[in-house]
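Take a look at the letters that make up each chain.
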Amino acid sequence: MALSFTSPDVLAVLFAASGYFIWRVFKYLSFVYGSPLRVLPGPPSPSWVYGNLKQIFATESAALPDKWFEQYGKCYVDYEFFMTPRLWTLDPLALNHIMMHESDYAKPEVMVREVANTLGRGLLFVQGAEHRQQRRVLNPAFGPMQIRDLTEVFVRKSNELRDYWVNATGAGPTIINVTADLSKMTLDVIGEAGFGYDFNALNLEGKPTELGLAFQKLFVSSSEGQTSALAQVLSSFPILALVPNKRLKDMASASAVIKRVGLQLVAERRTAVLREASENHKDRIEREDLQGRDLLTLLIKANMAKDVPENQRLSDEDVLGQIPTFLLAGHETTATASTWALYALSQRPDIQQKLREELLSVDTDTPTMDELNALPYLDAVVRETLRLHSPITFLVREAKRDDVIPLSEPFTDCYGKVHKEIRVAQGNKVVLPIIAMNRSKELWGEDANEFKPERWQQPPKEISAIPGIWGHLLTFIGGPRACIGYRFSLVELKAILFSIIRGFEFEMPIAPEDYEIKTSALQRPSVRSAPEKGGQLPLLVKPYKGAA
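The structure presented is a predicted model; accordingly, all values stated were derived computationally and were not measured.

Undergrad: Please clarify how the pattern of salt bridges should be interpreted in this entry.
TA: Pairing is possible between side chains of opposite charge, provided their charged atoms come close. The final tally for this structure, using the stated rule, is 34 salt bridges. A salt bridge links Arg148 to Asp370; the shortest N-O distance between them is 3.2 Å. Taken together, the positions of Arg148 in helix 7 (residues 144–168) and Asp370 in helix 16 (residues 369–373) put the pair 222 residues apart, joining distant regions of the chain. Relative accessible area serves as the criterion here: at 38%, Arg148 is assigned to the partly exposed category.

Take a look at the structure:
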């Protein structure tokens, strides 16, 4: 017998659903309009749905937060989806408090829920005690000694990129989209150095691997969700994921491939570790055994070390979750950083030549980590690139409880009252303004927006207040969630520049103003006349006539 829409059972279900919806809306509106952040000054919101987000992403070079900091002071509030307030602060004491209290200021739950369900629970996507456990096991794999061993991979792959461009410029100077080739090269690096997998991305005749295609689909799909209001609604109401959705479907199919190939890689590495231990007549793994050709092997060894209690070891699922973590954290960020280095150097041929002269003073094309780190101007160029062109422009954290954030300087609220601290409520979001801090004129001087490696010869004293893990910069952030792979990234970037700057000269084939710098979480240059091609950096690449 068919149910009538007027039957008591159907009416009860509809009434309950309507009541739940009304309760959720009331709860949300109470949260938004009752937030203690609303007393802070800030820009008006032009959209109830998107808040200030479209304004921010429509402005080039992530410049709007810089403007608002100048207009409203070191602490202000803007609005994201559906008028949800967000705190932005350049106050170093406040930022240190937020980053050091990682359990109180975690990644937004809606983001973690979607990504973790798709990619697994790797280090990037877990919180609290689970994050501390994974970090404890992973730390040894990213130590100085391990990165020293991996430098050979960085240098060899960088020289493969050099040879790739030698072939491309055989007939003379050629315009090359360096962004695409750097992305291929860093994918090859993280494949081999991360988990012993050959993506073969730089092979002229090779076809993309199954894992490479899956990762590309995953990266595109996850990026699409950053500024999508629909994606935010789906994340807030997980049951809606049952509704057919192309983005979620693409992410699910890609993650299935990553999981299948990843399980095979984990099994192969564990078998190799056990075989090595057996051949060395060891029944247990020791800390001194933490050497290997890839991070996954090092992780498996560290997880099996005898000083790791059984209840602190990572499960197979946790180990598997590190593979997409390595891919996301170790691939596009370094490719983007090296793209920005070439962008800056192509505008300053004097700096490019000064760097080249230093690099050519080294009598080998296969330097060690210590030899790369001994080059002061290379170090200054890398620091300045990561200051002015940090690949990640900002990060968002969510308060897990009501809190009071201390300030080094007071602020005046919208009603004229002076505050020495900022009250936040559970669920409020705060922004880590990485690139805004890295180019703050108050800290770096009036030339903060200029590319000047020489500033690192005598850096301003004011930057000592920046609470970052490296270089008095916020690029790798700080606190317990600081980038675990920052040494990996720095040495790889130095290896790339060492190889290609020695071999080539780089010039802009179009006027600098024809390049566009679109604001996004991962910021890349593009060409204003070709927006359909997305992020790209076409440069005129010429073999250096003085190269051996």
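Undergrad: It is not clear to me how the packing of helix 13 (residues 316–330) against helix 14 (residues 332–347) should be interpreted in this structure. Could you clarify?
TA: Between two packed helices, both the angle of their axes relative to each other and the distance between the axes serve to describe the pair. At a closest axis distance of 4 Å, the pairing of helix 13 and helix 14 adopts a crossing angle of 10°. Between helix 13 and helix 14, the angle is such that the two are roughly parallel. Contact residues: Leu327, Ala329 and Gly330 in helix 13; Glu332, Thr333 and Thr334 in helix 14.

Undergrad: What is the right way to look at unusual backbone geometry in this model?
TA: Phi at Phe82 is positive, roughly 55°, even though this residue is not glycine. Among the structural elements, Phe82 can be located in the loop between strand 1 (75–79) and strand 2 (85–89). By relative accessible area, Phe82 is classed as partly exposed at 22%. One non-glycine residue, Met83, lies in the positive phi region at around 65°. Mapped onto the secondary structure, Met83 falls in the loop between strand 1 and strand 2. Using a relative accessible area of 12% as the deciding quantity, one classes Met83 as buried.

Undergrad: Please explain the packing of helix 12 (residues 295–304) against helix 13 as it appears in this structure.
TA: Relative orientation of the contacting elements helix 12 and helix 13 amounts to 150°, with a least axis distance of 11 Å. Our classification of the angle between helix 12 and helix 13 gives roughly antiparallel. As for the relative orientation of helix 12 and helix 13, their crossing is right-handed in sense. Facing helix 12, whose interface residues are Leu295, Leu296, Leu299, Ile300 and Asn303, helix 13 presents Val319, Gln322, Ile323 and Phe326. Of the residues in the contact of helix 12 with helix 13, the class split is 7 nonpolar, 2 polar and no charged.

Cut-offs applied
Residues numbered from 1 in each chain as written. Predicted model: local features only at pLDDT ≥ 70, side-chain atom pairs only at ≥ 80, totals over all residues. Heavy atoms only, no water. Salt bridge = Lys/Arg side-chain N within 4 Å of Asp/Glu carboxyl O. Helix = DSSP H or I, 4+ residues; strand = E, 2+ residues; numbered from the N terminus. Buried < 20%, exposed > 50% of the residue type's maximum accessible area, 1.4 Å probe, protein only. Axes fitted to C-alpha atoms, helices over the stretch in contact; angles between N-to-C directions. Parallel < 35°, antiparallel > 145°, perpendicular 65-115°, else oblique. Contact = heavy atoms within 4.5 Å. Left-handed = near helix turned anticlockwise from the far one by under 90°. Nonpolar A, V, L, I, M, F, W, Y, C, P; charged D, E, K, R; others polar.

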